[in-house]
Amino acid sequence: MGTPARPTKEENMSLLEITNLHATVGEREILKGIDLTVGPGEVHAIMGPNGSGKSTLAQVLAGRELYAVTEGSVTYDGKDLLAMPPEDRAREGIFLAFQYPVEIPGVSNQYFLKAALNTMRKHRGLPELDAMDFLDLIRGKIELMEMESSLLNRAVNAGFSGGEKKRNEIFQMAVLEPRLAILDETDSGLDIDALKLVAHGVNSLRSADRSMIVVTHYQRLLDYIVPDFVHVLSDGRIVKSGGKDLALELERNGYAGLGIADEEEAVGKV
Amino acid sequence: MTAVAEQTGAWLESFANQRPAAEWLRKVREAGFERFAELGFPTTHDEEWRFTNVARIARTNFQVAQAELTVRVPEGVEEIDPGAAGVDLGRFAAGGNAFAALNTAFLDRVTVLRVPRGAVIEGAIEIGYEVGPDSQAVAGESPAPPSTSPTAVHPRTVILVGANAQCSIVETYKGQGQYFTNAVTEIVAGEGAVVNHYKVQQEDRDAFHVATLAASLGRSANFSTTSISLGGALVRNDVSAVLSEGTEATLNGLYLVNGSQHVDNHTVIDHAKPHGTSHELYKGILDGKASAVFNGRIMVRKDAQKTDSKQTNKNLVLSDEAVIDTKPELQIFADDVRCTHGATIGQLDAEALFYLQSRGIGREDARNLLTYAFAQDIIDRIKIQTLRETLERSLFEKFHERPR
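This one's a predicted model, so the numbers in the text were calculated from it and none came from an experiment.

Basis of the calculations
- Residues numbered from 1 in each chain as written.
- Chains lettered and ligands numbered in written order.
- Predicted model: local features only at pLDDT ≥ 70, side-chain atom pairs only at ≥ 80, totals over all residues.
- Pairing = 2+ DSSP bridges.
- Helix = DSSP H or I, 4+ residues; strand = E, 2+ residues; numbered from the N terminus.
- Axes fitted to C-alpha atoms, helices over the stretch in contact; angles between N-to-C directions.
- pLDDT = per-residue confidence, 0-100.
- Contact = placed C-beta atoms within 7 Å.
- Expected span 1.5 Å × (residues − 1).
- Bend = angle between axes of the 7 residues up to and from the residue.
- Buried ≥ 20, exposed ≤ 12 C-beta atoms within 10 Å, placed from the backbone.
- Domains from an automatic or database assignment.
- Nonpolar A, V, L, I, M, F, W, Y, C, P; charged D, E, K, R; others polar.
- Left-handed = near helix turned anticlockwise from the far one by under 90°.

## Topic: the sheet that holds strand 10 (residues 211-216) of chain A
All names here are of chain A. Strand order across the open sheet formed by six strands is 6-9-10-3-11-12, with mixed pairing between neighbours. Two strands bound the open sheet, and with one partner strand each, they are strand 6 (94-97) and strand 12 (237-242). Taken pair by pair, the neighbouring strands of this sheet meet at an average axis angle of 20 degrees, ignoring direction.

In structure tokens:
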């Protein structure tokens, strides 16, 4: 497909550099040579039909062992990302908002988040927070996400509605303050009000030193989280890259307009 | 019979050398020993003992001793004489439980507590048995030889709870070195009594522990017992509860084993009368080459209509070499009852592990957190805060020893 005309901000400033990334699950190759560069503060949308490899890319970046990287490299902040276990990636500032947040009965949301935050603070050479300081810190973020504070005392995601789970992901992101946030279909299963709320949360976390990769099937999320760049993934490769207008083009013409088969053919359609 | 004779021979000598006792107690002991000599130690040919081989106990030449006893009796609870009327220490000897018969043969200091009718006891009754290097041998004239011969203790506890009385009981077992604890505890709860019982077994990793808990529950009584098994090389718990009309019984258990530990939990819930309710939840965490057995029998007798019974056994297996045998046994003779049972054996959820790691929590910590979470609902049901906190600490330590 040739070299995408990717508008670059500045050279040698990239936070994330993915080169020729191949990944398999079992015998099946899912990622077939991904190249992607993300600079500080940039928001990149990754779009594509089901099965194109969007979620796999998100999970590979976060370190899911289910996938084996067979070729290529990923450099994050100058370091070899693929050599790090998932917890080190998180401590270095990578955050994955899960498409399907996992329920963990028996572990309270608050305990979990405090433990997570403190491991990161420790990693950054900051003192650990006690329960009181922690509550002070999260108060505003609970309000931001309009979370019921009772959710804090419940087990992680256990019995949460779909919307509550997604909100909880962005709430965690707000608390953990990552340098690179990867949102994996954070819009899926959300009604328009919940979508706006989640997008508002995400937008309030945009900053010059926080990059984002927003993985989505549908264009609608990008009405609310406006990306700097849009990439279209098909069959494990990025087949087209452009600015935010590319998402609008997809909305008009669908993936088929790019010659990509999509069983749902639902881009931009309500 | 020769095998039995060989096994009981060594015990006979100890039996004959016991500290002398009052006439009534001597008779109880004799009946106990006779029964034990008839039964002998069970073998794995015995259905009830298929997965638990007590040959190591049978072969060891134990020296009979006395565990160090700590009793905390809250206000309102009476400590009464074991020879008093209404205490039948001999009844266990009559049954088919060889260990209970053996315990009866070696009765010495017996703890009998009574909660008077209608009394509501504040604070828990605490009964602790500890076997240490200083545990006194109780052989008649000859003082304990300074040998390293392992000791056997046979603690007996009886708690009589009067009608409409309420109390909670914490039994703890611990010690150091190689020894054998063979405990029998009997709880009799009167009509409408509310009894919460907890047993915490933290024996030495070289110790043998066999314990029988028998609960006899009156009409509309509400009884719960929680058995926590952390220590011991070879552990067998027999818990039985006989329910009356409208009785509610809860049998919970948590067993954590690693290394080469073996824990066997056998429970019997006997719905003898109508309208009884029983809940049973046993959870096990197995690591290393450890093994565990859960065998839960629920009997619903012909008269016990409207019985509602639920049994669950869940196991978390952390290694490839650990083994769990789980078996429900429902014997239902009434036709208008609700009985459910279920058993699960699983591993740590890989997705949950990844989720925790993706938030910066280290792999080992994530494993420990999920393992702990698995045990959490048993711990949460413990109503005594100090005990809950102590156990939380013990569990935390246990997860961190993890020999690989």
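## Things to note about the confidence of the model for chain B
Close inspection of predicted coordinates is inappropriate for parts of the model with low pLDDT. Predicted confidence across chain B gives a mean pLDDT of 92, with 93% of residues reaching 70 or more. The ipTM assigned to the predicted complex is 0.92, against a pTM of 0.87.

## A few points about the sheet that holds strand 5 (residues 125-131) of chain B
Residue and element names in this part refer to chain B. Reading across from one edge, 2-5-8-10-12-14-16-18-20 is the order of the nine strands in this open sheet, with mixed pairing throughout. Two strands in the sheet have a free side with no partner beyond their single neighbour: strand 2 (68-72) and strand 20 (338-346). Strand-to-strand, the axes of this sheet are offset by a mean angle of 5 degrees, without reference to chain direction. Strands in contact with helix 7 (residues 363-380) are strand 12 (222-229), strand 14 (248-257), strand 16 (277-286) and strand 18 (308-317); relative to strand 16, the strand with the most contacts, it is inclined by about 160 degrees.

## Focus: helix 7 of chain B
Residues and elements named next belong to chain B. With 18 residues, helix 7 should reach 26 Å at 1.5 Å per residue; the first-to-last C-alpha distance of 25 Å fits that figure. For helix 7, the principal kink sits at phenylalanine 374 and spans about 40 degrees. Restricting attention to buried positions, one finds in helix 7 the residues Ala366, Leu369, Leu370, Thr371, Ala373, Phe374, Ala375, Ile378 and Ile379.

## Focus on the domain arrangement of chain B
All names here are of chain B. When the domains of chain B are assigned, the result is domain 1 (2-349) and domain 2 (350-404). When each unit is reduced to the centre of its C-alpha atoms, the spacing between domain 1 and domain 2 is 27 Å. Contacts between the two partners involve 23 residues from domain 1, matched on the other side by 20 residues from domain 2. Only strand 8 (166-175), strand 10 (194-202), strand 12, strand 14 and strand 16 provide two or more residues apiece to the side of domain 1 that touches domain 2. Of the residues belonging to the side of domain 1 that touches domain 2, the class tally is twelve nonpolar, eight polar and three charged.

## Overview of the environment of threonine 172 of chain B
By the secondary structure assignment, threonine 172 of chain B is in strand 8. Residues in contact with threonine 172 of chain B, not counting those within four places in the same chain, are Gly128, Val200 and Gln202 of chain B.

## Let's talk about the packing of helix 2 (residues 23-39) of chain B against helix 5 (residues 98-105) of chain B
Residue and element names in this part refer to chain B. One way to put it is that helix 2 packs onto helix 5 with a least axis distance of 7 Å and a crossing angle of 145 degrees. Regarding helix 2 and helix 5, the two cross each other, and that crossing is left-handed. Taken together, the residues of helix 5 that come into contact with helix 2 (itself represented by Val28, Arg29, Gly32, Phe33, Arg35, Phe36 and Leu39) are Ala98, Ala101, Leu102, Thr104 and Ala105. Its residues assigned to classes, the contact of helix 2 with helix 5 shows eight nonpolar, two polar and two charged.

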